[in-house]
Amino acid sequence: MMSTQKTIDQDTLEKLLYLSRLSPESTNLTILKKQVDDIVGYFDTLSKFDDSQNPYDAYPSTESDKLRKDEIVAGLDIPDVKKVSENFMDGYFQVPKVLGEGA
């Protein structure tokens, strides 16, 4: 009987190696390919289950998933920044030391 499980091609495997910072020389490609093919097969198994109901519908929606528009806006001018704290000098805020002695 012929297997219907999907497999990844060599090009995809090489891209996965690059993204995971693995080198072909230090990795057993046969074992890695089988492991990745098994993972892809798990997704085929999961896709057989009914997921028509969104489990997140039970929770109230929030605004946190809405991103701001990608627009450049003016930053604060140095005189306005100086008003935030008296401990501002040479473009930096002075803050309390947080490292212990010897650091």
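Presented here is a report on the structure given in the accompanying data block. Note that this is a predicted model, so its numbers are computed, not measured.

### Side note on the packing of aromatic side chains
No. 1: One pass over the full model with this rule turns up one aromatic pair.
No. 2: Over the aromatic face of Tyr18 sits the side chain of Arg21, whose NZ or CZ is 5.1 Å from the ring centroid.

### Points about the pattern of salt bridges
No. 1: Counted under the stated rule, the structure contains four salt bridges.
No. 2: Across the salt bridge formed by Lys15 and Asp11, the nearest N and O atoms sit 3.3 Å from each other. Highlighted residues: Lys15 and Asp11, both in helix H1 (residues 10-19), separated by four residues, approximately one helical turn.
No. 3: Since its relative accessible area comes to 42%, Asp11 is described here as partly exposed.
No. 4: With its nearest N and O atoms 3.0 Å apart, the salt bridge here joins Lys33 to Asp37. Of the two residues, Lys33 and Asp37 are both situated in helix H2 (residues 29-46); the distance of four residues between them amounts to about one turn of the helix.
No. 5: For Asp37, a relative accessible area of 9% gives the class buried.

### Section: a nonpolar patch on the surface
No. 1: Where nonpolar side chains cluster on the molecular surface, the patch consists of Ile39, Tyr42, Phe43, Leu46 and Phe49 and spans about 600 Å² of accessible area.
No. 2: One can find Ile39 in helix H2.
No. 3: You can call Ile39 partly exposed: its relative accessible area is 43%.

### Looking at the nonpolar core
No. 1: In terms of nonpolar packing, the biggest core is built from five residues, these being Ile8, Leu13, Leu17, Leu32 and Val36.
No. 2: Counting only elements with at least two residues in this core, the list comes to H1 and H2.
No. 3: Filtering out sequence-adjacent residues up to four positions away, Val36 remains in contact with Ile8 and Leu16.

### A short note on the packing of H1 against H2
No. 1: Contact pair H1 / H2: the axes reach a minimum separation of 11 Å and the direction vectors enclose 100 degrees. Taken together, H1 and H2 sit at an angle that is classed as roughly perpendicular. Residues Leu13, Leu16 and Leu17 of H1 form the contact with H2, whose participating residues are Leu29, Leu32, Lys33 and Val36.
No. 2: Taken together, the residues of the contact of H1 with H2 break down into six nonpolar, no polar and one charged.

### With respect to unusual backbone geometry
No. 1: Non-glycine residue Arg21 carries a positive phi angle of around 60 degrees.
No. 2: Looking at where Arg21 falls in the secondary structure, it is placed in the loop between H1 and H2.
No. 3: Its identity as a non-glycine residue notwithstanding, Asp90 has a phi of 55 degrees, on the positive side.
No. 4: The residue Asp90 is located in the loop between strand E1 (88-89) and strand E2 (92-93) in this model.
No. 5: In this structure Asp90 comes out as exposed when scored by relative accessible area, which is 69%.

Rules of the game
Residues numbered from 1 in each chain as written. Predicted model: local features only at pLDDT ≥ 70, side-chain atom pairs only at ≥ 80, totals over all residues. Heavy atoms only, no water. Phe/Tyr/Trp six-rings, centres within 6.5 Å; stacked < 30°, edge-to-face > 60°. Lys NZ or Arg CZ within 6 Å of the ring centre and 35° of its normal. Salt bridge = Lys/Arg side-chain N within 4 Å of Asp/Glu carboxyl O. Helix = DSSP H or I, 4+ residues; strand = E, 2+ residues; numbered from the N terminus. Buried < 20%, exposed > 50% of the residue type's maximum accessible area, 1.4 Å probe, protein only. Patch = residues over 30% accessible without salt bridge, like charges linked within 9 Å, V, L, I, M, F, W, Y side chains within 5 Å. Areas by Shrake-Rupley, 256 points an atom, 1.4 Å probe, with all protein chains shown as cover. Core = buried A, V, L, I, M, F, W, Y, C linked by side-chain atoms within 4.5 Å. Contact = heavy atoms within 4.5 Å. Axes fitted to C-alpha atoms, helices over the stretch in contact; angles between N-to-C directions. Parallel < 35°, antiparallel > 145°, perpendicular 65-115°, else oblique. Nonpolar A, V, L, I, M, F, W, Y, C, P; charged D, E, K, R; others polar.

Everything listed here is a matter of geometry and, on its own, says nothing about what the molecule does.
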